[in-house]
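Structure assessment
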Amino acid sequence: MATLLGPVRASCQNETVSSNPLLLPPWRLVASWWIPLAVLYLAGGALLGLGFIFSLVALPLLGLVLKILALIEPTRASLFLAIAGGEPHAWRENGRGFVSSLKQTDWWRTLTWREISWRSAFNALSCALLPIWTMVLVVVWPTTFVVGYRLLVGDGIVLTGNRRVLTDLDAGGVFFVVTAVCVTLVALLYLTVGLAWFQAQLALQVSPKFDRLQRQVRLLAVKETNLVSAFEAERLRIERQLHDGPQQNLAAAAIHLGLAQVLVRQNAENAEQHLALAQGQLQEASEELRSALSSLRPRTLVEDGLAASIAELVTGSPLEVELNQHYSVRAPFSVESSLHFVTSEFLTNTYRHARARTVAIELGSDEEGLRLLLRDDGVGGANADHGTGILGMVNRLSMLGADFCFTSPPGGPTTLDARINSDRLQEAVQ
Amino acid sequence: MKIAIAEDVMLTRQGISAVLAVGGHETLWEAATATETLANCRHALPDLLITDVRMPPNHSDDGLLAALALRETYPRLPIVVLSQYVGNEYARRLLVNAQPGTGTGYWLKESVGDIPRFLEVVEAVAADQVQIDPKVIAHLLQKEPVDILPELSPRQREVLELMAQGRTNAQICGQLFLSATTVERVISSLFDALNLGQTDGNKRVLAVLEFLRH
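Just so you know, these numbers come straight off a predicted model, no measurement behind them.

All names here are of chain A. A cluster of nonpolar side chains, contributed by Leu47, Leu50, Ile53 and Phe54, occupies part of the molecular surface with about 420 Å² of accessible area. Secondary-structure assignment places phenylalanine 54 in helix H2 (residues 34-55). By relative accessible area, which is 60% here, phenylalanine 54 ends up exposed.

All names here are of chain B. Running from amino to carboxyl end, helix H3 (residues 62-73) crosses helix H4 (residues 89-96) at an angle of 10 degrees, the nearest separation of the two axes being 10 Å. Overall, the two elements H3 and H4 adopt an arrangement that is roughly parallel. Between H3 and H4, the residues in contact are Leu64, Leu65, Ala67, Leu68 and Arg71 and Tyr90, Arg93 and Leu94, respectively. For the contact of H3 with H4, a count of residues per class yields six nonpolar, no polar and two charged.

This part is about the interface of chain B and chain A. Counting residues at the interface gives 16 residues for chain B and 18 residues for chain A. Across the chain B to chain A interface the summed buried area is about 1,500 Å²; carbon plus sulfur atoms make up 64%. For the chain B face of the interface with chain A, the top three residues by lost area are Leu11, Arg54 and Gln84 of chain B, together amounting to 41%. Summed over the shared surface of chain B and chain A, the number is one salt bridge. Of the charged contacts, one joins aspartate 244 of chain A and arginine 54 of chain B as a salt bridge, the two residues approaching to 3.1 Å between their closest N and O atoms. Inspection of the chain B/chain A interface yields three residue pairs in polar contact (both at pLDDT 80 or more). No other element matches helix H1 (residues 10-22) of chain B, which puts seven residues into the side of chain B that touches chain A.

All names here are of chain B. When you line up the elements, arginine 71 lands in helix H3. The buried charged residue arginine 71 lacks any salt bridge, with aspartate 128 as its nearest oppositely charged partner at 7.8 Å. Side-chain polar atoms of arginine 71 contact the backbone oxygen of glycine 103, separated by 3.0 Å. Sequence-distant contacts of arginine 71, that is, excluding residues within four places in its chain, are made with Leu77, Pro78, Ile79, Leu94, Asn97, Ala98, Thr102, Gly103 and Thr104.

Residues and elements named next belong to chain B. In space, the six strands of this open sheet follow the order S2-S1-S3-S4-S5-S6, with parallel pairing throughout. The sheet is open, and its two borders are formed by strand S2 (26-31) and strand S6 (130-132), each paired with just one other strand. When the angles between neighbouring strand axes are averaged without regard to direction, this sheet yields 20 degrees. Relative to S2, strand S1 (residues 2-6) runs parallel, the two sharing five bridges. Across the sheet, isoleucine 3 pairs through a bridge with threonine 27, a residue of S2.

Scoring rules and cut-offs
- Residues numbered from 1 in each chain as written.
- Chains lettered and ligands numbered in written order.
- Predicted model: local features only at pLDDT ≥ 70, side-chain atom pairs only at ≥ 80, totals over all residues.
- Heavy atoms only, no water.
- Patch = residues over 30% accessible without salt bridge, like charges linked within 9 Å, V, L, I, M, F, W, Y side chains within 5 Å.
- Areas by Shrake-Rupley, 256 points an atom, 1.4 Å probe, with all protein chains shown as cover.
- Salt bridge = Lys/Arg side-chain N within 4 Å of Asp/Glu carboxyl O.
- Helix = DSSP H or I, 4+ residues; strand = E, 2+ residues; numbered from the N terminus.
- Buried < 20%, exposed > 50% of the residue type's maximum accessible area, 1.4 Å probe, protein only.
- Axes fitted to C-alpha atoms, helices over the stretch in contact; angles between N-to-C directions.
- Parallel < 35°, antiparallel > 145°, perpendicular 65-115°, else oblique.
- Contact = heavy atoms within 4.5 Å.
- Nonpolar A, V, L, I, M, F, W, Y, C, P; charged D, E, K, R; others polar.
- Buried area = accessible area lost by both parts, 1.4 Å probe.
- Polar contact = N/O pair within 3.5 Å; in protein donor to acceptor, adjacent residues only side chain to side chain.
- Lys, Arg positive; Asp, Glu negative; His and termini not counted.
- Pairing = 2+ DSSP bridges.

Right, dumping it as structure tokens:
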């Protein structure tokens, strides 16, 4: 159970975030935007850091400079993570917010000493990261290479005599050079991206509390709007379903009943035929209504709970689903129903858009709470702008107060990891 | 009368066709999509067209759009539009685009089941009258009257409101303590104010729709 219910990464809580580049295999990393953007980001950070150090000379301006940096850095970090990680939400939220946040900022708000020290430390660090990286590139990398060559192949080449390395290469030497270059290059790439990732995460963590709260308020406002549009979309769907289904059947039934009435009065023979047609239409109407209702409140979910309803979803899905349930409790209906619809939506999205073959579903419960983990093997790149499906899932989970992490980098896989801790479950009961 | 039916649900289509047969009318052709409706009209123009609003290809107001397009080509073609929508927007679009004195009907699909009444509607529309489902009018009356048509005098407004409630001239006289000639004069000025000119029997309906169009 412990493996299933491991803690959700702190950076993921309650937001959709970009994936961690350090977990990407080298061929994907090379093909992504992570590397060029990481270099840009690091270089920009060093410039800003230098600016900060120079501003120390003009001490009276320190507050202003710190304020500007405090605004720029989280935005830069979010943009970097958003563009490189292919994550839509942060991009939209922060990309649009920067200019207006510059305008809205209360410039005369007093800086706390804690803020000043955090910001100073951060800028000093970001200023230092680029030289560290440059040193690795210019000094450590060639040195390792030359020393390694000496140890393995060489017979007493001195460092200054580098030329002989190139002239005396035999087959083994060529192999060594190629391997060493490849391995160290890959390591260097990871180091570059890792440093940028680290700096960006740090920037987002240390941004002053006030600004962070302001961002959270904006994020909540966006979520509220999304929630409303998701509700509207759902109402539209129900309206269509009822209009195209039962309402058509009922209208047809009314026509055939009317006909039967007229024909009975005329003692015509085919009245019975129209009665039968009307009956058929009424039956169909009630079936359509049942299906519309069950899409609102699935019977299995109501009667047998989440484990059973998810099992039913799995059976009904055209995808190959690997289901792993360690779920034996009954959570409050609002929680179970949300998790049911999130699962259903995930399966639908995967089937429609992800070109996936299999989906893995893990549902577990223990004394800490519930956890639902959904993962497909599809092409990823799921984007909240392309439909209300993802928004719907995110909104339902947000409303529950779940900690969740939705990732869908281009190339896949798409993963949703949600957990609801027991405190939240208690609140849901009330 | 040779009538054409445009409706995408087969059972409803057949039902309407049977209803028309009861009234002694012939079904000239049936169409299941709006595109088909337009094409069929080019080959064989019916004496009257009955069309559903929501139809393929787009499952939106395709049937109504087809009816409006046919109004351009065949201004005198009487059209009955069937709908499940109780709002008056479709009826208004249909009437606004009609030449004065062209038969126009807006009937709820569920009301087709009252067969004698529906056959009356079909015949009235074929005789160039306007027929609007009473449920549509009733629904409109439930809405709060909003401040529209500011150019009307309070007296005209009062009379129009009573007309919208389906009162006859005599009832209006009684309620407002006016003479019959005064009421007739007010109604006539009302029609002029609403630019309804010298059209015949449909003026009342048009005035009501105009009044309630918001």
